[in-house]
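# Close look at the chain arrangement
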Amino acid sequence: MNILITGRLASITEAVSEELSKRHKVVFASDDIQPEQLGKQANRFKASPSDTDFERIFHSYHFQVVVYFAQPIFSGDEYYGEYADLEHCLELCRIHECRRIIYIRPSVRSVSGGEQNNLFSVLYNASDLLISYYREKKNLSILTVETPVLYGYGESSSVVGDAIEQSKNTAAIRFRGREEQTLGYLSQKDLGELLLRMAENW
């Protein structure tokens, strides 16, 4: 099958698609894609879901599964328009009859177990409502996967990658966020194996 991986991919490495690529055709598309992290064999396009070039990718490939990565909590980036990108991606899935979407977003839980009070919580809650609409009204099959903080080998955009880069450059590490926060971590390789199982056993 043909699988599209899109969304915010700055910290995503080829480890995510390693198992998928052995049995399926994987295409990466994002405006923040890092080609050197994806390997030479990867099919990659530098285009955000809101670009006209992004729709051409749907015309070129008949995708059976789309994997959308939400913006990481600790990316340090300002809000860039993810809601609009997600909506455009879902609409293209509807138009091109790609009915299986995996939406991957960080788990935004505080130490006490409640939702964190920050702008990302608002973004994720709004995106969840949008997904519910497309699931219920447009008949798209959408799985939402809440993950711990993701990290990959050879990247410097995730929390782990940034910490390693800091240690090399300054011999010290500074983490963003509150002192009392707790974080879980998941390797992109392990996530890739999970994505393979989800795609094949839907």
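The present account deals with the structure reproduced in this document. (Residues numbered from 1 in each chain as written. Predicted model: local features only at pLDDT ≥ 70, side-chain atom pairs only at ≥ 80, totals over all residues. Heavy atoms only, no water.)

So, on to the overall build of the chain. What the chain contains, in helices and strands, is 7 helices and 8 strands. Entry remark: accessible area of the chain is about 10500 Å², with carbon and sulfur atoms responsible for 48%. (Helix = DSSP H or I, 4+ residues; strand = E, 2+ residues; numbered from the N terminus. Areas by Shrake-Rupley, 256 points an atom, 1.4 Å probe, with all protein chains shown as cover.)

Time to look at the environment of leucine 90. Assignment of secondary structure puts leucine 90 in helix α4 (residues 82-95). Between the alpha carbons of leucine 90 and leucine 140 there is a distance of 8.4 Å; along the sequence they are 50 residues apart. Those residues in contact with leucine 90, other than ones at most four positions away along the chain, are Ile101, Leu130, Ile131, Tyr134, Leu140 and Ile142. (Contact = heavy atoms within 4.5 Å.)

Taking 1.5 Å of rise per residue, the 14 residues of α4 would be expected to cover 20 Å, and the 20 Å separating its terminal C-alpha atoms lies within 8% of that figure. Taken together, the buried positions of α4 are Glu82, Asp85, Leu86, Cys89, Leu90, Leu92 and Cys93. Looking straight down α4, one finds that the buried residues subtend no more than 160 degrees of arc, so they occupy a single side. Note on α4: the residue one or two positions beyond its end, glutamate 97, has a positive phi of about 55 degrees. (Expected span 1.5 Å × (residues − 1). Buried < 20%, exposed > 50% of the residue type's maximum accessible area, 1.4 Å probe, protein only. Arc of directions from axis to C-beta.)

Moving on, we get to the packing of aromatic side chains. A full pass over the atoms with the stated rule returns 6 aromatic pairs. Each ring, one from tyrosine 133 and one from tyrosine 134, has its centre 5.5 Å from the other, and the planes form 90 degrees; the classification is edge-to-face. Residue tyrosine 134 is classed as buried on the basis of its relative accessible area, which comes to 4%. Connected via pairs of aromatic rings, a cluster forms that spans Phe45, Phe54, Phe58, Tyr61 and Phe63. (Phe/Tyr/Trp six-rings, centres within 6.5 Å; stacked < 30°, edge-to-face > 60°.)

A few words now on the pattern of salt bridges. All chains considered together, the criterion is met by 9 salt bridges. Here glutamate 18 and lysine 189 are joined by a salt bridge, their closest N and O atoms 3.7 Å apart. Within this pair, whereas glutamate 18 is found in helix α1 (residues 18-23), its partner lysine 189 is found in helix α7 (residues 188-200), the two being separated by 171 residues in sequence. The class of glutamate 18 is partly exposed, set by a relative accessible area of 36%. With relative accessibility at 30%, the residue lysine 189 sits in the partly exposed group. Note that glutamate 200 is salt-bridged to arginine 23, the shortest N-O span being 3.0 Å. Separated by 177 residues along the polypeptide, glutamate 200 in helix α7 and arginine 23 in helix α1 bring together distant segments of the chain. The exposure class of arginine 23 is exposed, given its relative accessible area of 55%. Each of Arg8, Asp31 and Asp32 takes part in salt bridges that share partners, so that together they form one network. (Salt bridge = Lys/Arg side-chain N within 4 Å of Asp/Glu carboxyl O.)

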